[in-house]
Amino acid sequence: MDIDLIITSLPKLLSASLITLKLLLISLIIGMFLGLFFAICRMSKNIFIKQFAYGYSYIFRGTPLLVQIFIIYFGLAQLEWLKNSFLWIILKDPYWCAIIAFSLNSGAYTSEILRSAFQTIKPGMIEAGKSLGISNKIIFYKIQIPIAIRQSLPAYGNEMILMMKGTSLASTVTLMDITGVAQKIISTTFKPIEVFIIAGSIYLFMTFCINNLIKLLEKKYNF
Amino acid sequence: MELLAFGKTGWGDELFYATLMTIAVSITAMLIGFLFALIFTPLKLSKYKFLNIFGNFYTTLIRGVPELLVIYLLFFGGSGAVMYVASIFGYFEYIEINAFLIGSLAIGIISGAYSTEVFRGAIKSIDKGQFEAAKVLGLSKFTRFYKIIFPQMLRFAIPNLSNVWQITLKDTSLISVTGLVEIMRQSRIASAFTRDPLFFYSIAGLIFLILTFLSMKLINKFEAKYMNKF
């Protein structure tokens, strides 16, 4: 066991964890909105919108995240018209490519979570709203969505942890997140165990925080 | 389409073999995962606190740490560990471990953590009376588990195990970083050669979609058949 290596690489890995956190937060927020949007699409009566939302979640849940990142980072660079458009400013940056991939992926999983939450809402709640003379729109925004979010909290906590683990793939497109830095230290020092212990503990600490956050939210929004 | 032709002109046969490699790694990893689950599920369900800690450590660690990190640990640490063991027996040459073995082991350890959770949940959801009834009937410990607990556990476990299979299948794409030529690695080679990454990575995605779709169909069929027995 090389204690010196642990001490010297700890600050490097800690500063890399900022990138991991940024990637995670931004993609979770965008993914949340995407998920809500596609979950609503899934409940639409229009068969095309419904099928589109289904196809989106099927494709992004059925393929590895690595494939999605590579298509966005390496694949899209090949399209000439995209290179000439204003979108290229975003797409040439691995950071934003990673965020796009993570957001789309997280959106697919979140839409499934929210959809099943919407389905478990008791019809009595909606009927109660209707009999009170509340309009359909307000029933949706003020009754269905809050209940669905509360119901999906435990599953969403899992999704947050999965996404946190997913951000490690950013290291494959040259980003220096925790895993990227860890891999670099391992390949220069050939001491994988020491590095794994530190990097692993940082990740575990983040998992621990997410778990507690979800527990806290569950308690707060209990009914 | 020319790019996908079989033979020397296209990448069809290469991708086909890469797909077979992915399937082989996934199945091996899944079996290794069962082996781990077989060890750690009893630990997690044990009466002794000490053993519980062991079991919980494994599942929490693996489910909280990125797969890529576990793969790096085994890939860089694996041959070192084997060489250390060999040096005890007086063998000091460099030993390189097969990428297939290391990859399957890494994915297997990850899949094992999920399988452990599935089996634990399945055993927990069996009615307590079943255990007691089996005991009262005077069945031996082995028969009790093999004839009564195990079949019921399987019924609860199979739907969740199909999820574990999907995760395992998708995780195999990560061992491309170790150089094992599976779907992702082959697409990377092909796209570097032809400068057409969009096409080859899309094909890779499509192959994964087909694999998940087909395995889902197969599992559903198996499930329908098996469930009828109860």
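Since the structure is predicted, the reported quantities are computational estimates derived from the model, not experimental observations.

Student: When you look at the overall build of chain A in this model, what are you seeing that I'm missing?
Tutor: In terms of helices and strands, chain A carries eleven helices and zero strands. For chain A, the N- to C-terminal ordering of α and β elements is α-α-α-α-α-α-α-α-α-α-α. Considered along the principal axes of its C-alpha atoms, chain A spans approximately 70 × 50 × 25 Å. Counting over 223 residues, chain A shows a buried share of 47%. Pairs at least 24 residues apart make up 79% of the contacts formed inside chain A by residues separated by at least 6 positions. About 11700 Å² of surface is accessible on chain A, with carbon and sulfur atoms providing 70% of the total. The averaged location of the 10 negative side-chain charges in chain A is 12 Å from the averaged location of its 20 positive side-chain charges.

Student: Please explain the overall build of chain B as it appears in this structure.
Tutor: The helix and strand tally for chain B stands at eight helices and zero strands. Along chain B, helices (α) and strands (β) appear in the sequence α-α-α-α-α-α-α-α when read from the amino end. Its C-alpha atoms give chain B principal-axis dimensions of about 70 × 55 × 25 Å. Taken over 230 residues, chain B has a buried fraction of 48%. Looking at chain B alone, contacts between residues at least 24 apart form 71% of all its contacts between residues at least 6 apart. Chain B carries 21 positive and 13 negative side-chain charges, and their two centres are separated by 15 Å.

Student: Explanation requested: the environment of Lys184 of chain A in the structure shown.
Tutor: All names here are of chain A. By the secondary structure assignment, Lys184 is in helix α10 (residues 178–189). Judged by its relative accessible area of 51%, Lys184 falls in the exposed class. Sequence separation between Lys184 and Val195 is eleven residues; the distance between their C-alpha atoms is 10.0 Å.

Student: I'm lost on the interface of chain A and chain B in this one. Help?
Tutor: Taken together, the contacts link 38 residues of chain A with 34 residues of chain B. When chain A packs against chain B, close to 3000 Å² is buried across both sides, 77% of that on carbon and sulfur atoms. Three residues, Gln78, Lys165 and Phe196 of chain A, lead the burial of chain A against chain B; their summed loss comes to 21% of the area buried on that side. One can count one salt bridge joining chain A with chain B. The salt bridge involving Lys165 of chain A is made with Glu67 of chain B; its shortest N-O contact spans 3.7 Å. Run the count over chain A and chain B and you get seven residue pairs in polar contact (both at pLDDT 80 or more). Breaking the side of chain A that touches chain B down by element, the ones donating at least two residues are α2 (47–62), α3 (65–75), α9 (153–166), α10 and α11 (192–220) of chain A.

Student: Looking at this model, I keep getting lost on the packing of aromatic side chains. Mind explaining?
Tutor: Between two aromatic rings, the relevant description is the distance of the centres plus the angle of the planes. Under the criterion given, the structure shown has 27 aromatic pairs over all chains. Where Phe37 of chain A meets Phe38 of chain A, the ring centres are 5.2 Å apart and the plane angle is 80°; that geometry is what we call edge-to-face. On the basis of relative accessible area, Phe37 of chain A is assigned to the partly exposed category, the value being 49%. Judged by its relative accessible area of 7%, Phe38 of chain A is buried. The structure contains a cluster of three or more aromatic residues connected by ring pairs, namely Phe37, Phe38, Phe52, Tyr56 and Phe60 of chain A. Taking the ring centre of Phe156 of chain B as reference, the NZ or CZ of Arg155 of chain B above it sits at 6.0 Å.

Student: Would you mind showing me how to read the nonpolar core here?
Tutor: Where a protein is soluble and globular, its nonpolar side chains tend to be buried together. Leu13, Leu23 and Phe102 of chain A are the most contacted members of the largest nonpolar core, which has 100 residues in total. By residue number, the principal contributor to this core is helix α4 (residues 99–124) of chain B, which donates eleven residues.

Student: Mind showing me how you'd approach the environment of Thr179 of chain A here?
Tutor: For Thr179 of chain A, the position within the fold is in helix α10. Taking the C-alpha atoms as reference points, Thr179 of chain A and Leu14 of chain A, 165 residues apart in sequence, are found 11 Å from one another. In this structure, Thr179 of chain A is in contact with Ser168, Ser171 and Tyr203 of chain A together with Pro66, Leu68, Leu69 and Tyr72 of chain B, ignoring residues within four places of it in sequence.

Student: Sorry if this is basic, but what is going on with unusual backbone geometry here?
Tutor: Residues and elements named next belong to chain A. The phi angle at Phe190 is positive, at roughly 55°, despite the residue not being glycine. Here Phe190 is to be found in the loop between α10 and α11. Using a relative accessible area of 57% as the deciding quantity, one classes Phe190 as exposed.

Student: Just checking my understanding: could you explain the packing of helix α1 (residues 3–42) of chain A against α10 of chain A for this structure?
Tutor: Each packed pair of helices is defined by two parameters, the angle between the axes and the distance between the axes. All names here are of chain A. Contact pair α1 / α10: the axes reach a minimum separation of 7 Å and the direction vectors enclose 150°. Here α10 runs roughly antiparallel to α1, going by the angle between their axes. For the pair α1 and α10, the contacting residues are Leu5, Ser9, Lys12, Leu13, Ala16, Ser17 and Thr20 in the first and Ile178, Val181, Ala182, Ile185 and Thr189 in the second. Across the contact of α1 with α10, the residue classes tally to seven nonpolar, four polar and one charged.

Student: Honestly, the pattern of salt bridges in this entry has me stumped. Any pointers?
Tutor: In total, this model carries seven salt bridges over all chains according to the counting rule given. Its salt-bridge partner being Arg115 of chain A, residue Glu112 of chain A comes within 3.0 Å of it at the nearest N-O pair. Taken together, the positions of Glu112 of chain A and Arg115 of chain A, both in helix α6 (residues 94–119) and three residues apart, correspond to about one turn of that helix. The partner of Glu117 of chain B in a salt bridge is Arg120 of chain B, with the nearest N and O atoms 3.4 Å apart.

The rules behind these values
- Residues numbered from 1 in each chain as written.
- Chains lettered and ligands numbered in written order.
- Predicted model: local features only at pLDDT ≥ 70, side-chain atom pairs only at ≥ 80, totals over all residues.
- Heavy atoms only, no water.
- Helix = DSSP H or I, 4+ residues; strand = E, 2+ residues; numbered from the N terminus.
- Buried < 20%, exposed > 50% of the residue type's maximum accessible area, 1.4 Å probe, protein only.
- Contact = heavy atoms within 4.5 Å.
- Areas by Shrake-Rupley, 256 points an atom, 1.4 Å probe, with all protein chains shown as cover.
- Lys, Arg positive; Asp, Glu negative; His and termini not counted.
- Charge placed at Lys NZ, Arg CZ, Asp CG, Glu CD.
- Buried area = accessible area lost by both parts, 1.4 Å probe.
- Salt bridge = Lys/Arg side-chain N within 4 Å of Asp/Glu carboxyl O.
- Polar contact = N/O pair within 3.5 Å; in protein donor to acceptor, adjacent residues only side chain to side chain.
- Phe/Tyr/Trp six-rings, centres within 6.5 Å; stacked < 30°, edge-to-face > 60°.
- Lys NZ or Arg CZ within 6 Å of the ring centre and 35° of its normal.
- Core = buried A, V, L, I, M, F, W, Y, C linked by side-chain atoms within 4.5 Å.
- Axes fitted to C-alpha atoms, helices over the stretch in contact; angles between N-to-C directions.
- Parallel < 35°, antiparallel > 145°, perpendicular 65-115°, else oblique.
- Nonpolar A, V, L, I, M, F, W, Y, C, P; charged D, E, K, R; others polar.

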